[in-house]
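Architecture at a glance
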Amino acid sequence: MIILTKVAVVFAPGYEEVEGLTIVDVLRRMGVEVTMVGLEGQVVPGAHQIELTCDTVLDDHLLDYDLVAFPGGRGGAQKLSANKQLADLMRQRNVAGKWNAAMCAAPTALATYGLLDHCDYTCFPGFEKEIAQLATDAHFKEDITVVDEGGKVVTSRGPATAMAFAFRIAEVLGLDTKQIKHEMLYDYLMEQK
């Protein structure tokens, strides 16, 4: 079966490596076309000195994806928040009714763009205070992942929740995650907790 879903993961310098690569890995295992997009260049340094070579750099093609995801990391999230070109593209995606996702510190970028207004969301503990200043009517939840259907936003907490986040992204795009959860032992992990 050929999956026609396209996802972009945007990597900014200082991104949280586990979060970004988990999204790419899980979705590619499922047959999703995933493009790694460098915010400022094709080679992107992570928060823990792991350098990543992206497939491409940020341009207007970001509008073509079914979902755009942001990994966290404080430094990466700050760069995502400050980038005017990215902010404009993400607002256009939102107006077009396309899905966007962010985890850890990166929901602050969505809040900066106005994309968390009236939405339920989650983030790394403590960042909800910053988001409350940016999106006063957003509703923080302590769940591992939060999906806001109306705002077309998926959010998650931090490094340990990256796999759950990747599965939720697949699910909002209409994909069945039962088999991949079994293949990656995620179902086993959930049974053990």
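For the structure, check the block above.
An account of the accompanying structure is given in this report. Note that the coordinates shown come from a computational prediction; the quantities given were computed from them, not determined experimentally.

**Observations concerning helix α3 (residues 84-95)**
When the terminal C-alpha atoms of α3 are compared, their 17 Å separation across twelve residues agrees well with the 16 Å that a helix rising 1.5 Å per residue should span. For α3, the set of buried residues is L86, A87, L89, M90 and R93. Buried residues along α3 cover an arc of 165 degrees about the axis, so they all sit on one side. Looking at α3, the residues exposed on the side facing more than 90 degrees away from the buried face are K84 and V95. The inward-facing, buried residues of α3 abut β6 (67-70), α2 (74-82), β7 (99-103) and α4 (107-113).

**Overview of the nonpolar core**
Of all hydrophobic cores here, the largest spans 36 residues; its most connected members are V7, V9, F11, L27, L67, V154 and I169. At the level of secondary structure, the elements contributing two or more residues to this core comprise β1 (6-11), α1 (17-29), β2 (33-38), β6, β7 and α6 (162-172). Dropping the residues within four chain positions of it, V154 is found in contact with W99, N100, A101, A102, V146, V147, F165, R168, I169 and V172. Within the second largest apolar cluster, 33 residues are counted, among which are V10, L39, A105 and L110.

**Quick word on the pattern of salt bridges**
For the structure on display, the rule yields five salt bridges. D25 serves as the salt-bridge partner of R29, at 2.6 Å between the closest nitrogen and oxygen. Taken as a pair, R29 and D25 lie in helix α1 at a separation of four residues, close to a single helical turn. Using a relative accessible area of 53% as the deciding quantity, one classes R29 as exposed. Since its relative accessible area comes to 32%, D25 is described here as partly exposed. Of the charged contacts, one joins K79 and E40 as a salt bridge, the two residues approaching to 3.7 Å between their closest N and O atoms. Placement of the pair is K79 in helix α2 and E40 in the loop between β2 and β3 (43-45), with a sequence separation of 39 residues.

About the cut-offs
- Residues numbered from 1 in each chain as written.
- Predicted model: local features only at pLDDT ≥ 70, side-chain atom pairs only at ≥ 80, totals over all residues.
- Heavy atoms only, no water.
- Helix = DSSP H or I, 4+ residues; strand = E, 2+ residues; numbered from the N terminus.
- Expected span 1.5 Å × (residues − 1).
- Buried < 20%, exposed > 50% of the residue type's maximum accessible area, 1.4 Å probe, protein only.
- Arc of directions from axis to C-beta.
- Contact = heavy atoms within 4.5 Å.
- Core = buried A, V, L, I, M, F, W, Y, C linked by side-chain atoms within 4.5 Å.
- Salt bridge = Lys/Arg side-chain N within 4 Å of Asp/Glu carboxyl O.

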